[in-house]
Amino acid sequence: MGYLALLRAPHVTRLLLGTLLGRLPAGMTALVIALALREAGVPYGRIGLATSVYALAAAVGGPVLGRIVDRTGQPRVLLASAVVAGGGYALLALAPGSPVAAPLGAAVAGLAMPPLEPCLRSLWPDVVEDEQLDTAYAFDSASQQILYVAGPLAVAGIAGLFGAVAALWVAAGLGLAGALVVATAAPTRAWRAPAREQSAGLLGPLRSPGLVLLLIGLAGAGWAVGAQNVLFIAYAERHAGALPGGGGTLLALAALGGLLGALAYGMVSWRRSTATRTWVMALAMAASYLPLLTLPGPYPMAALAFLSGIVLAPLLAAAFVLVAELAPTGTVTEAFAWLVTLFATGNSLGYAVSGHLAEGSSLRPVAVCAAGGIALGALVLFGARRWFRSAPVTPRVEPVPVG
């Protein structure tokens, strides 16, 4: 009943669907850039450069756009960024083989990616009742698991039917459509961040030691997920034909575990504090990764993939609430953008390091890389307990009525 009540609340379904639509390009872009450039005959070195430029630009642009949202509101930033990002996708689509236009288009698309994730998470306290907040963040977290699967599938389907360049145009259109749906919603137009603390200064939300430690811990979780993805792909290659669907099946099972874990998390009335839930979930995620070190046969490995995914989404759902509690007044959207950036950065580093390790004769170092990332992240979160307990709670701001 918790999710039904949530979806029946005014504006919730529109905001969720619009945000999912607009965030789908984030799950498509790295793959579609690689396919479009390869289709144009670009060597792998330049493909790697373009995808890296996109990831770096997105990591930089997210917090910047989040800070602008906190200062000016959401609609103008969402729409303007979607238009600019669409221009980046268009440049990629028109000149995928150009050594200048392709990385430039990737940089623009990443830098201006609409900050739909942080904007939605800033909106939740004003859209739902306090007792529904955990459920809203859990549903939000569960939707990410859908994007992990839907993004690559959408690219594969569109590229297979119409070519990879067509998928670039689709990504541009989806980003603009999603931003338009969210930006024109009444809660988005009414939302205003509380007055920014003077002491926030240039660091903004990073002035909060508790928030910085939380972000570092979540970067460890991102590292673990990136390394785990490489582990599953490499494992499937070494057990070719033994598991239907290969690495894709293992990745899908982990995403399914995350989806079900998030839905279960949102149905529980938690009595423990958000801070306690966050570090407990991180320790549980670390424990769920340890069995991967055994590298069992294909079907037990499939079961372990599902198990390893269960706690990620609940961890993120708890962390979303904690970010809002830890962020200094007037910086909450930027704080959520930093969460996206640090998780994605950890994810990319986990991919890079484990990819190098996977070239060896044994996959155990890759499994250690994955388990070690979340173990270190969990230890950081456990050690930061006192910083979490002493954090001031960001005040709830009632929306301005819209005529």
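For the structure itself, look to the data block above.
Residues numbered from 1 in each chain as written. Predicted model: local features only at pLDDT ≥ 70, side-chain atom pairs only at ≥ 80, totals over all residues. Heavy atoms only, no water.

J.: Residues and numbers for helix H5 (residues 101-111), please.
T.: Regarding H5, the residues found buried are Ala-101, Ala-102, Pro-103, Gly-105, Ala-106, Ala-109 and Gly-110. Residues of H5 that are buried sit in contact with helix H2 (12-39), helix H3 (44-72) and helix H4 (75-94). (Buried < 20%, exposed > 50% of the residue type's maximum accessible area, 1.4 Å probe, protein only. Helix = DSSP H or I, 4+ residues; strand = E, 2+ residues; numbered from the N terminus. Contact = heavy atoms within 4.5 Å.)

J.: I'd like to hear about unusual backbone geometry, residue by residue, with values.
T.: The phi torsion of most residues other than glycine is negative, and most of the peptide bonds are trans. Of note, His-11 is a non-glycine position whose phi angle comes to about 75°, a positive value. Along the chain, His-11 falls in the loop between helix H1 (2-8) and H2. In this model, Leu-295 sits at a positive phi of 45°, which is unusual for a non-glycine residue. By the secondary structure assignment, Leu-295 is in the loop between helix H12 (274-289) and helix H13 (298-309).

J.: Give a detailed account of the nonpolar core, specifying residues and quantitative values.
T.: Among the nonpolar cores identified, the biggest contains 88 residues, and Trp-124, Leu-214, Met-285 and Tyr-289 are the most heavily contacted of them. Residue contributions to this core peak at 13 residues, all from helix H10 (residues 209-238). Every residue in contact with Leu-214, bar those within four places of it in the chain, is listed here: Thr-278, Ala-319, Leu-322, Val-323, Leu-326, Leu-381 and Phe-388. Counting residues in hydrophobic clusters, the runner-up holds 26 residues, among them Leu-37, Val-42, Tyr-54 and Ala-109. (Core = buried A, V, L, I, M, F, W, Y, C linked by side-chain atoms within 4.5 Å.)

J.: Please give an account of the pattern of salt bridges that cites residues and values.
T.: In this structure the tally under the stated criterion is 5 salt bridges. Between Asp-140 and Arg-23 there is a salt bridge, with its nearest N and O atoms 3.3 Å apart. Separated by 117 residues along the polypeptide, Asp-140 in helix H7 (residues 133-162) and Arg-23 in helix H2 bring together distant segments of the chain. When sorted by exposure, Asp-140 lands in the same class as Arg-23, which is buried. The partner of Arg-121 in a salt bridge is Asp-140, and the shortest N-O contact between them spans 3.0 Å. Highlighted residues: Arg-121 in helix H6 (residues 116-127) and Asp-140 in helix H7, separated in sequence by 19 residues. Arg-121 sits in the buried class, given a relative accessible area of 1%. On the accessibility criterion, Asp-140 (0% relative accessible area) is buried. (Salt bridge = Lys/Arg side-chain N within 4 Å of Asp/Glu carboxyl O.)

J.: Account for the packing of aromatic side chains, naming residues and giving values.
T.: Inspection of every chain in the model, using the stated rule, returns 5 aromatic pairs. Relative to Phe-139, the ring of Tyr-3 lies with its centre 5.4 Å away and its plane at 45°, an arrangement referred to as tilted. Of this pair, Tyr-3 sits in helix H1 while Phe-139 is found in helix H7, placing the two residues 136 residues apart along the sequence. Take Phe-139: its relative accessible area is 23%, and that puts it in the partly exposed class. For the pair Trp-279 and Phe-382, a centre-to-centre distance of 5.0 Å together with 80° between the ring planes defines the contact as edge-to-face. Of this pair, Trp-279 sits in helix H12 while Phe-382 sits in helix H16 (residues 364-383), and the two are 103 residues apart along the sequence. Judged by its relative accessible area of 17%, Trp-279 falls in the buried class. Aromatic ring contacts, followed pair by pair, group Tyr-137, Phe-320 and Phe-336 into a single cluster. Over the aromatic face of Phe-320 sits the side chain of Arg-121, whose NZ or CZ is 3.9 Å from the ring centroid. Of note, Arg-385 hangs over the ring of Phe-382, and the distance from its end group to the ring centre comes to 4.0 Å. (Phe/Tyr/Trp six-rings, centres within 6.5 Å; stacked < 30°, edge-to-face > 60°. Lys NZ or Arg CZ within 6 Å of the ring centre and 35° of its normal.)

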